[in-house]
Amino acid sequence: MKKYLKSFLLVLFALGYFVAAQAQDGAANANTDVMRSNGKIYVVMAVVVTIVTGLFLYVYSIDKKISKLENK
Amino acid sequence: MIRKAWWKWVAFLLLFYTSIYGFIVKVPKLDDRLEHSIRNMFFHVPMWFAMMILLFVSVWYAAKYLRTTSPIDDFYSKAFAATGTLYGFLGLSTGAIWANYQWGSPWSGDPKQNGAAIAMLIYLAYFVLRGSMTDEDKRSRIASVYNIFAFFMLFPTLWILPRLTESLHPGGQGSEGNPGINGKDMDANMRSVFYPAVIGWTLLGVWVSTLKIRYELLKAK
């Protein structure tokens, strides 16, 4: 149950972020928005950070499962 | 809770730092073609550094197995070889992406590309060899001997031959010193991201390897 909750929260967070970004679309000036400055390189940064974080969460969860088995 | 967690946090923090600061740090503009793709130094090159370290650990345990014949040493050797090979393939594919935009094609038969591919094939053969034997003692022993051969083949294929001829990679014929270890070749700002990246990726590789080892140990019980 707990793991579903975690993925659900993650998806929710991602969706919220996406919606917030969409909402900003109209309001923000293209030049002042960090995510759109510098040839949108920060978008790539966000992607890489997401991958690294996701990767670590995954490895962390495997580690926890194996630890649980070892303690049995 | 997970076991001995502090260095796992170090791995995460270092890679988190790398993937943020790697995009912000000021990089020198070398020519009009390289531009910001030099930032691949923080992602592509650490794959190979980490691979060398992981494969060294693997051969260390292979040699240890031959002395002790304890199956645990073989688990270690196999797991580190697997993670190291994975890093090698990640290095090859990230290199191909970079090469496509820097050298015009993903594979241009550069001596270092060819050498890396040969080295990877040698390591794939290690797993084929393991899979071809059912007797556990025999498998571990022969795999350990082959592992030592495979590790030492990394030196001609990755470190020596590509540097004797002209190469698109740094360090080919006509350049001086070893671009892998010679710190002066890299801008100080870049070094402040590059070395944390190497340590971070290596620690992540060690983490994944230990997971594989613990899984094997549980299975063997």
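Please refer to the structure higher up on the page.
Source: prediction; values computed, not measured. (Residues numbered from 1 in each chain as written. Chains lettered and ligands numbered in written order. Predicted model: local features only at pLDDT ≥ 70, side-chain atom pairs only at ≥ 80, totals over all residues.)

Participant: Tell me about the overall build of chain A, and name the residues and values.
Facilitator: Broken down by element type, chain A carries two helices and zero strands. Taking all 72 residues of chain A together, the buried fraction comes to 3%. (Helix = DSSP H or I, 4+ residues; strand = E, 2+ residues; numbered from the N terminus. Buried ≥ 20, exposed ≤ 12 C-beta atoms within 10 Å, placed from the backbone.)

Participant: Tell me about the interface of chain B and chain A, residues and numbers included.
Facilitator: Quoted interface sizes are often the accessible area lost when the parts come together. Every contact between the two is made by 15 residues of chain B and, on the other side, 17 residues of chain A. Only helix 1 (6–24) and helix 6 (188–220) of chain B provide two or more residues apiece to the side of chain B that touches chain A. By residue class, the composition of the side of chain B that touches chain A is twelve nonpolar, one polar and two charged. (Contact = placed C-beta atoms within 7 Å. Nonpolar A, V, L, I, M, F, W, Y, C, P; charged D, E, K, R; others polar.)

Participant: Summarise the packing of helix 2 (residues 44–68) of chain B against helix 6 of chain B; cite the residues concerned and give the values.
Facilitator: All names here are of chain B. It is the contact of helix 2 with helix 6, at a shortest axis distance of 9 Å, that shows an interaxial angle of 45°. Classified by the angle between their axes, helix 2 and helix 6 sit oblique to one another. Note on packing geometry: the crossing formed by helix 2 with helix 6 is right-handed. The residues of helix 6 that touch helix 2, namely those facing Pro-46, Met-47, Phe-49, Ala-50, Ile-53 and Leu-54, are Ala-197, Val-198, Trp-201, Thr-202, Gly-205 and Ser-209. (Axes fitted to C-alpha atoms, helices over the stretch in contact; angles between N-to-C directions. Parallel < 35°, antiparallel > 145°, perpendicular 65-115°, else oblique. Left-handed = near helix turned anticlockwise from the far one by under 90°.)

Participant: Provide a residue-level description of unusual backbone geometry, including the pertinent values.
Facilitator: Residue and element names in this part refer to chain B. Even without being a glycine, Thr-69 presents a positive backbone phi close to 50°. Positionally, Thr-69 belongs in the loop between helix 2 and helix 3 (71–102). Since 13 C-beta atoms lie within 10 Å of it, Thr-69 is described here as partly exposed.

Participant: Tell me what's going on with helix 5 (residues 136–164) of chain B, and back it up with residues and numbers.
Facilitator: Residues and elements named next belong to chain B. Taking 1.5 Å of rise per residue, 29 residues should cover 42 Å, and helix 5 covers 41 Å from first to last C-alpha, within 8% of that figure. Along helix 5, the positions that sit buried rather than exposed are Ser-140, Ala-143, Ser-144, Asn-147, Ala-150, Phe-151, Leu-154, Thr-157, Leu-158, Pro-162 and Arg-163. On its buried face, helix 5 sits against helix 2, helix 3 and helix 4 (111–131). (Expected span 1.5 Å × (residues − 1).)

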